[in-house]
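Observations on the model geometry
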Amino acid sequence: MSLFYPDRDWKDNKYQEDHIFPKSEFTAAKLKQRGYDQGKIEKYQKYSNSIINLELLTSSENNEKRAKNFADWFASRDDNFKNRHIIPTMESYDFDSFLEFVDERKMLLSNKLKSIV
């Protein structure tokens, strides 16, 4: 993940690996409650712990995120935050849009890696 954050101060700061879409929402039971079929559940779970759903946050950012409803917290992030964390610009970041998020972010991360190499 450090390749995606070349401007970080690795010497003096500690960063926490954070699930962009909360890990707790990807249980089979919660996904079934949303009315997702088995195929969609498997797709959601496939990417829940992948780099596509991860970012590095400072401990204060991560604590702030934990203390708020995800949709509210994410809506309060500015474009600079989204660019820094390689978050795609989308109409909705609601949980039902996760697979669209995966497709968009996969492309952004791939392009970022290509620019590094």
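Residues numbered from 1 in each chain as written. Predicted model: local features only at pLDDT ≥ 70, side-chain atom pairs only at ≥ 80, totals over all residues. Heavy atoms only, no water.

Despite not being glycine, I86 shows a phi value in the positive range, around 55°. If you trace the backbone, I86 turns up in the loop between α5 (79–84) and α6 (98–116). Residue classification places I86 among the buried residues on the basis of a relative accessible area of 10%. (Helix = DSSP H or I, 4+ residues; strand = E, 2+ residues; numbered from the N terminus. Buried < 20%, exposed > 50% of the residue type's maximum accessible area, 1.4 Å probe, protein only.)

It is worth spelling out a negative patch on the surface at this point. A cluster of acidic residues, E91, E100, D103 and E104, forms a negative patch at the surface. Here E100 lies in helix α6. (Patch = residues over 30% accessible without salt bridge, like charges linked within 9 Å, V, L, I, M, F, W, Y side chains within 5 Å. Areas by Shrake-Rupley, 256 points an atom, 1.4 Å probe, with all protein chains shown as cover. Salt bridge = Lys/Arg side-chain N within 4 Å of Asp/Glu carboxyl O. Lys, Arg positive; Asp, Glu negative; His and termini not counted. Charge placed at Lys NZ, Arg CZ, Asp CG, Glu CD.)

For the rest of this paragraph, the subject is the side chain of R77. You can see R77 is positioned in the loop between α4 (70–75) and α5. A distance of 3.1 Å separates polar atoms of two side chains, one belonging to R77 and the other to E64. Separated by 3.4 Å, the side chain of R77 and the backbone oxygen of W73 make a polar contact. (Polar contact = N/O pair within 3.5 Å; in protein donor to acceptor, adjacent residues only side chain to side chain.)

So, on to α6. Given a rise of 1.5 Å per residue, 19 residues ought to cover 27 Å, and the 26 Å separating the end C-alpha atoms of α6 matches this to within 8%. Tucked inside the fold, the buried residues of α6 contact α2 (38–48) and β2 (54–58). (Expected span 1.5 Å × (residues − 1). Contact = heavy atoms within 4.5 Å.)

All of the buried residues in helix α3 (residues 59–66) are E61, N62 and K65. Considered in projection along α3, the buried side chains sweep an arc of 95° and stay on one side of the axis. Counted as exposed and oriented over 90 degrees from the buried face of α3: S60 and R66. In this fold, the buried residues of α3 make contact with β1 (15–19), β2, α4 and α5. (Arc of directions from axis to C-beta.)

Here K112 lies in helix α6. Exposure remark for K112: the relative accessible area of 29% places this residue in the partly exposed category. Expressed as a C-alpha distance, the spacing of K112 and L3, which sit 109 residues apart in the sequence, is 9.0 Å. In this structure, K112 is in contact with F4 and I86, ignoring residues within four places of it in sequence.

A few words now on the pattern of salt bridges. Scanning all chains against the criterion turns up six salt bridges. We note a salt bridge from D18 to K65, for which the minimum N-O separation is 2.6 Å. Note that D18 is positioned in strand β1 and K65 in helix α3, a separation of 47 residues in sequence. Notably, a salt bridge pairs E25 with R34, separated by 3.5 Å at the nearest N-O pair. Sharing partners across several salt bridges, the network here consists of E25, K30, R34 and D96.

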